[in-house]
Every structure is written in C-alpha cells, then in structure tokens.
Amino acid sequence: LPQGARPADNGALRPAHGHTPLVVMLVLTQVAVGSVTLGWLIELVAPTAVSRSGALATPALGTAAVALTASLAHLGRPRYAWRAVRGFSHSWLSREIVAFGLFVLLSAFYAMAILAGAPRALSLALGGGAASTGLAGVATSVMVYAATGRRSWSAARTTARFALTSLLGGSLSVLTVVAVDGGDPTLLTGAGALGVAGASAAALTHWQARRRRGDRDDPLVLRGSLLRGPLDGPSTARLLLTMMVLLLVPATLALASSEPRGSAGAATLSAVSAATAICAELLERHLFFRTSVGPRLPAGGA
C-alpha cells in the first residue's frame, strides 16, 4: 500500500455498536466488586461500624447475579456459555468468566457467613477471597478490550474507567447500606467522600474527552468529535447525572447529620444517589463502545 494511505471514510463521525448486554454486565459487575471489596475492608478494620444485618455482600451478590445473567444475552447460543471456560489458558474472555463465576460463588458464601453469624475469621477469609476474585475479574475485563490494540481501549485508559466505576458504585452502595443501617457517622462520611472523589474524577475525565480536538486520524480526537456530535445527547446526560451525584451525596451527609440515626430521609437520598451514579456509568459504558475506533482498510472504508 502507498505510504500514508487512509480509509476512504477516514475521520467520519459514525458511532459503533452499543452492545447493551455488555454495558449492563460491565457496570454491574464492577459496582458489585467495589461493594464487596469496600465492605470487606470495613469489616477488616472496623467490624462494629455496620451491624451484621447490613452485610454489604448481600446487595452486591444480587447485583453480580443480574450482571452475569445480562451477559448471556450477548451470546448467540447462551446454553453453550459453559464452553467458554475451556479457553482459560489463552483467552482473557474465558479468564473473565471464571473470575466472575468464582466471585459470585464466594460472595454468596461471604453473605451467608455474615448473616448466619459465623466466626469472624471465616467471614474475613471468604470476603478476602470474594474481593480478590472480583478484582481479578475487573482486571480480566480490562484485558479483554486492551488486547484489541485500539488506542481508546488501552490498558491504562480502560483500567482508569473501570476502576472509577468500581469506586463510585461501591462507595455509594456502602453509603446506602450504612444510611439504612444507621451505622457509624465516620463511616458514612468516609463513604460519601469516596463517592464525591469518584464522581469528580469521572466528570473531569469525561469533560476532557469531550474537549479533545485536532486531526481525526487520532482515535482520541475522533472520540471527542463523536461525543460533541452524534453522541452529544448521551454524553451530556452522562455529565449531568454525574454532576447530580456531586450534589446528592453532600445533601445525604447533611441530612444524615441532622436526623436520628437510621431514619428514612438520608437512606432514601443515598439510594437515589447510588441509582443516579449507576445510570451515569451505564451511559459511560455505552459511550465506551460507541466511540471505539477499530482499524479499517485503506480506500475501502471497511
């Protein structure tokens, strides 16, 4: 091919496919991993901060189960999904399936151990296993996309985006459980601070991606053009929802400090904060797929 040959439709603002089942799977598994990991860390360093009835593993387990069920919708023949594990030695996708399968199993045992009042050493071991396999699952999710070689899906960029979803979703799940449970005010404040930090970072990185300009030969520039152009609606909605989280979380903390512990107002507002954050991250993951730019043939536009 001649040096400098380019696709006939080089720089065209044409969004890619949205892959809705994968959007749901990625966001909910990452929220579940963030919830279990933070819950386990809380039990490790401050076991009395949340009562045993407020086990964070329980809602996280439900979230992960919904996520894995949604992922089956992406398969052409879901009844053969079990065969995916046969490629564990060479396939990041197979490793992802195994890691999240173990995460769901260990999260179930962890939740049962806490709710049944099992010895703390046992629940800590199960929680550590659940957190470890969950984090490994998120890492394999990163590699599934980094392995494609697309610049917008590089390991560093994808890790940052998936980690922010885990931090934001997990911290606001903790905030909701603690608010409902009437837990320790220090823990409530800490979870809120993590949520604000995660939402601030998410809003900032998204705003920077929208502002990127230059030659559309650069996939990151093309992504910014897509976010300002054909995908401006979901892009703006994602930014607005994230900004709403930045308002809702401080309002939750203020309400919690003025109400009796465990009252309904702060619990309701924290749940709204968590739901808003999850909606924002679903939009982010939708844009993750729709702004991805794969290699095309010069002059062919394929």
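Shown above is the structure to which this text applies.
Residues numbered from 1 in each chain as written. Predicted model: local features only at pLDDT ≥ 70, side-chain atom pairs only at ≥ 80, totals over all residues. Heavy atoms only, no water.

1. Topic: the overall build of the protein
Alright, step 1. On a plain count of helices and strands, the protein comes out with nine helices and zero strands.
Alright, step 2. For the protein, the sequential pattern of α-helices and β-strands runs α-α-α-α-α-α-α-α-α.
Alright, step 3. Residues classed as buried in the protein amount to 46% of the 302 residues present.
Alright, step 4. Within the protein, contacts between residues at least 6 apart in sequence are counted, and of these 78% link residues at least 24 apart.
Alright, step 5. Approximately 13,800 Å² of the protein is accessible, and the part contributed by carbon and sulfur atoms is 67%. (Helix = DSSP H or I, 4+ residues; strand = E, 2+ residues; numbered from the N terminus. Buried < 20%, exposed > 50% of the residue type's maximum accessible area, 1.4 Å probe, protein only. Contact = heavy atoms within 4.5 Å. Areas by Shrake-Rupley, 256 points an atom, 1.4 Å probe, with all protein chains shown as cover.)

2. Notes on helix H7 (residues 219–228)
Alright, step 1. Burial within H7 is extensive, with nine of its ten residues counted as buried.
Alright, step 2. What H7 keeps buried is the set Pro-219, Leu-220, Val-221, Leu-222, Arg-223, Gly-224, Ser-225, Leu-226 and Leu-227.
Alright, step 3. Residues of H7 that are buried make contact with helix H5 (155–181), helix H6 (185–211), helix H8 (232–258) and helix H9 (264–290).

3. With respect to the pattern of salt bridges
Alright, step 1. Counting across every chain of the model gives five salt bridges.
Alright, step 2. Residue Glu-284 pairs with Arg-161 through a salt bridge whose shortest N-O separation is 2.7 Å. With a gap of 123 residues between them, Glu-284 in helix H9 and Arg-161 in helix H5 connect regions that are remote in the sequence. Neither residue differs from the other here; Glu-284 and Arg-161 are each classed as buried.
Alright, step 3. Between Arg-285 and Glu-284 there is a salt bridge, with the nearest N and O atoms lying 2.0 Å from each other. The same class applies to Arg-285 and to Glu-284, which are both buried. (Salt bridge = Lys/Arg side-chain N within 4 Å of Asp/Glu carboxyl O.)

4. Some details on the packing of helix H4 (residues 120–146) against H5
Alright, step 1. Two elements in contact, H4 and H5, have axes separated by 9 Å at closest approach and are oriented at 145°. Crossing handedness for the pair H4 and H5: right-handed. Contacts between H4 and H5 pair Val-138, Ser-141, Val-142, Tyr-145 and Ala-146 from the former with Ala-155, Thr-158, Thr-159, Phe-162 and Ser-166 from the latter.
Alright, step 2. Of the residues in the contact of H4 with H5, the class split is six nonpolar, four polar and no charged. (Axes fitted to C-alpha atoms, helices over the stretch in contact; angles between N-to-C directions. Left-handed = near helix turned anticlockwise from the far one by under 90°. Nonpolar A, V, L, I, M, F, W, Y, C, P; charged D, E, K, R; others polar.)

5. Points about the side chain of Ser-91
Alright, step 1. Assignment of secondary structure puts Ser-91 in the loop between helix H2 (57–72) and helix H3 (92–115).
Alright, step 2. Within the structure, the side chain of Ser-91 is placed 3.2 Å from the backbone nitrogen of Ser-94, a separation counted as a polar contact. (Polar contact = N/O pair within 3.5 Å; in protein donor to acceptor, adjacent residues only side chain to side chain.)

6. Details of the packing of aromatic side chains
Two descriptors summarise a pair of aromatic rings, namely the distance from one centre to the other and the angle between the planes of the rings.
Alright, step 1. Taken as a whole, this structure holds nine aromatic pairs when the rule is applied.
Alright, step 2. Summarising the aromatic geometry, the rings of Phe-100 and Phe-103 are spaced 6.5 Å apart at their centres and angled 75° between planes, so their arrangement reads as edge-to-face. Placement of the pair is Phe-100 and Phe-103 together in helix H3, with a separation of three residues, close to one helical turn. For the residue pair Phe-100 and Phe-103, the accessibility class agrees, reading buried in each case.
Alright, step 3. Measuring from centroid to centroid gives 5.1 Å for Trp-153 and Phe-288, while their planes differ by 15°, and the two rings are stacked. Here Trp-153, found in the loop between H4 and H5, pairs with Phe-288, found in helix H9; they are 135 residues apart in sequence, far enough to count as distant. (Phe/Tyr/Trp six-rings, centres within 6.5 Å; stacked < 30°, edge-to-face > 60°.)

7. Things to note about the environment of Val-293
Alright, step 1. Checked against the element boundaries, Val-293 lands in the segment after H9.
Alright, step 2. With 73 residues separating them along the chain, Val-293 and Leu-220 place their C-alpha atoms 8.7 Å apart.
Alright, step 3. Beyond its immediate chain neighbours, meaning those up to four positions away, Val-293 contacts Arg-150, Ser-152, Pro-219 and Leu-222.

8. A word on the packing of H6 against H7
Alright, step 1. Following both chains from N to C, one finds H6 and H7 inclined at 100°, their axes separated by 6 Å at the closest point. Between H6 and H7, the angle falls in the class roughly perpendicular. Seen from H6, the contacting residues are His-206, Ala-209, Arg-210 and Arg-211; seen from H7, they are Arg-223, Gly-224, Leu-227 and Arg-228.
Alright, step 2. Tallied by class, residues from the contact of H6 with H7 come to two nonpolar, two polar and four charged. (Parallel < 35°, antiparallel > 145°, perpendicular 65-115°, else oblique.)

9. What about the nonpolar core?
Alright, step 1. Core analysis: the biggest nonpolar cluster contains 23 residues, and Leu-26, Phe-103, Tyr-145, Phe-162, Phe-288 and Phe-289 have the highest contact counts within it.
Alright, step 2. For this core, the secondary structure elements donating two or more residues are helix H1 (20–45), H3, H4 and H9.
Alright, step 3. Examining the composition of this core, we find that seven residues originate from one element, H1, more than from any other.
Alright, step 4. With residues up to four places along the chain from it excluded, the contact list for Phe-289 reads Ala-16, His-17, Gly-18, His-19, Leu-22, Val-23, Leu-26, Tyr-145 and Trp-153. (Core = buried A, V, L, I, M, F, W, Y, C linked by side-chain atoms within 4.5 Å.)

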